[in-house]
Amino acid sequence: MWPCCVRGSTRTLLSRISSTKAKKIRLLSGSAIQYSKPVPDRKLKLVATDLDGTFMADGRDPPWLQKPTERNAAVIEKLLDLGIFFLPISGRMIANMAPLVRSMGESVAMSKNTYIAGYNGAVVVGQAQDTSDLVGMSRPRLVTTTLSREAIQHAVDASTANNYLLKVYFQRDGLCALASCGDFNYSPEQAKFFYCCGEYPYDSDHATSKLTLPEDARTILATAPYSITRMPMDVDTIASLQPFKLVALTNDPDAAMHDARQSLAPTTADLVRGHFWYEYMPPAMNKSSGLRWVATHLGIDMAECVAFGDNSNDFEMLRDAGYGVAMHNARDDVKAVAAKVSQYTNNDDGVGRELEWLLEHNAFVGQ
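Keep in mind it's a predicted model, so treat the numbers as computed, not measured. (Residues numbered from 1 in each chain as written. Predicted model: local features only at pLDDT ≥ 70, side-chain atom pairs only at ≥ 80, totals over all residues. Heavy atoms only, no water.)

A. Examining the overall build of the protein chain more closely. Counting its secondary structure elements, the protein chain contains 13 helices and 16 strands. For the protein chain, with 367 residues in total, the buried portion stands at 56%. A separation of at least 24 residues holds for 62% of the contacts in the protein chain among residues at least 6 apart in sequence. Summing over all exposed atoms, the protein chain offers an accessible surface of approximately 15,400 Å²; the carbon and sulfur share of this is 48%. (Helix = DSSP H or I, 4+ residues; strand = E, 2+ residues; numbered from the N terminus. Buried < 20%, exposed > 50% of the residue type's maximum accessible area, 1.4 Å probe, protein only. Contact = heavy atoms within 4.5 Å. Areas by Shrake-Rupley, 256 points an atom, 1.4 Å probe, with all protein chains shown as cover.)

Following this line, the structure appears as structure tokens:
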């Protein structure tokens, strides 16, 4: 079985190349340069996957009510049985990741081989210690990285000058917490997006007029496994919370990031683009660094990791993992650094199908 992006005469070319030593082959598909590597160079020991747009199908529920598809969950359980490590890694807060892992069953949630990395790798937690833990409080924190006061000052100045809403992600009394500073005139699409993120309608006075909420929406959102508050746009107040990341909402994230980089030292913070926002992250902290920390902690080489992703914050992880797989719905720049571009989207059980393909080709340790 050939990778999804191998077509026509290219098959003849690849048939002459050793599957274990094949170099990346550039193939053109529309405007995107796609890469294909028949199988990983090394046997794989760890599976890292982004969640939204990758492991999770598109949905309408807040994150703590979401569940992966049966196919994706089943293949992860099979890999854990083989002794493979599982690392869901996301821009989400831990409290929005742990319930999803818990929904995959006790064998996945309580496995010593299951780790979780949130806030794009700024926080890493280990094995759950309590079977009743739904939000990750019993998981030991192995990595916690926070933003400097200089980064916070820059975010506040930019948000104040440009009327951005600034989201502050931090921890309070052992629980994940989110605070919003300022306001943002959501479009209907944006309002719906943040409702599905479990953060709407607390962020904005404008939002309630833009979307007809489900009848029980406020009741559902009140069950969020984290606190949601409003606070003033004040550097001292935000700095006292020791935030893991800040998110500035804007309708033009590319222009906003360009402007921000003109006055932000690379050693102060990294900027990551979102759909209609950009994020401030601790410098040199991204999903690749989070994956690398876990791999090193476990004595695993990056060449022995497979990683899945679709968006800008997955770029470094797919570039640096031994076998990076970009979803069919991924951004073109993410596809360009991947070892393989899947023919499947997140709505087609893409991660599960690709892992099944790797299992069929004995790509994992223990096979």
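Resuming the write-up.
B. Spatial organisation of helix α13 (residues 350-360). Judged by how many residues are buried, α13 sits mostly within the fold: eight of eleven residues are covered. Every buried residue belonging to α13 is among G350, V351, G352, E354, L355, W357, L358 and L359, and all of these are buried. Check the buried side of α13 and you find it contacts β3 (46-49), α2 (70-81), β14 (305-309), β15 (323-326) and β16 (340-341). Downstream of α13 by a residue or two, N362 has a phi angle that is positive, lying close to 50 degrees.

C. The side chain of K340, seen in detail. For K340, the location among the structural elements is in strand β16. Judged by relative accessible area, K340 falls into the buried class, the value being 2%.

D. Examining the layout of surface pockets more closely. Put simply, the second largest pocket is a space of about 260 Å³. In this structure, the second largest pocket is lined by 16 residues; those nearest its centre are L271, V272, S312, N313 and E316. Taken together, the elements giving at least two residues each to the lining of the second largest pocket come down to α9 (253-263), β12 (270-273) and α11 (315-320). Broken down by element, the residue count for the lining of the second largest pocket peaks at four residues, all from β12. (1 Å grid on protein atoms, 1.4 Å probe; cavity = no way out; pocket = protein on both sides within 12 Å on 5 of 7 lines; lining within 4 Å. Points joined across faces, edges and corners; volume = space filled by probe spheres on them.)

E. Seen up close, the pattern of salt bridges. For the structure shown, the criterion picks out twelve salt bridges. With a closest N to O distance of 2.8 Å, D52 and R92 form a salt bridge. With D52 in the loop between β3 and α2 and R92 in the loop between β4 (85-88) and α3 (98-103), the pair connects residues that are 40 residues apart, well separated along the chain. When salt bridges with common partners are traced through the structure, they connect R42, K45 and E304 into a single cluster. (Salt bridge = Lys/Arg side-chain N within 4 Å of Asp/Glu carboxyl O.)

F. Expanded view of the sheet that holds strand β10 (residues 227-230). An order of β10-β9-β8-β11-β13-β12 is seen for the six strands of this open sheet, with the pairing classed as mixed. At either margin of the open sheet sits one strand with a lone partner, and together these are β10 and β12. The sheet shows a mean angle of 25 degrees between the axes of neighbouring strands, taken without regard to direction. Pairing between β12 and strand β13 (residues 277-281): four bridges, direction antiparallel. Looking at β13, one finds that R273 is bridged to Y278. Seen against the sheet, helix α5 (residues 149-162) touches β8 (165-172), β11 (245-249) and β13 and runs at an angle of roughly 160 degrees to β13. (Pairing = 2+ DSSP bridges. Axes fitted to C-alpha atoms, helices over the stretch in contact; angles between N-to-C directions.)

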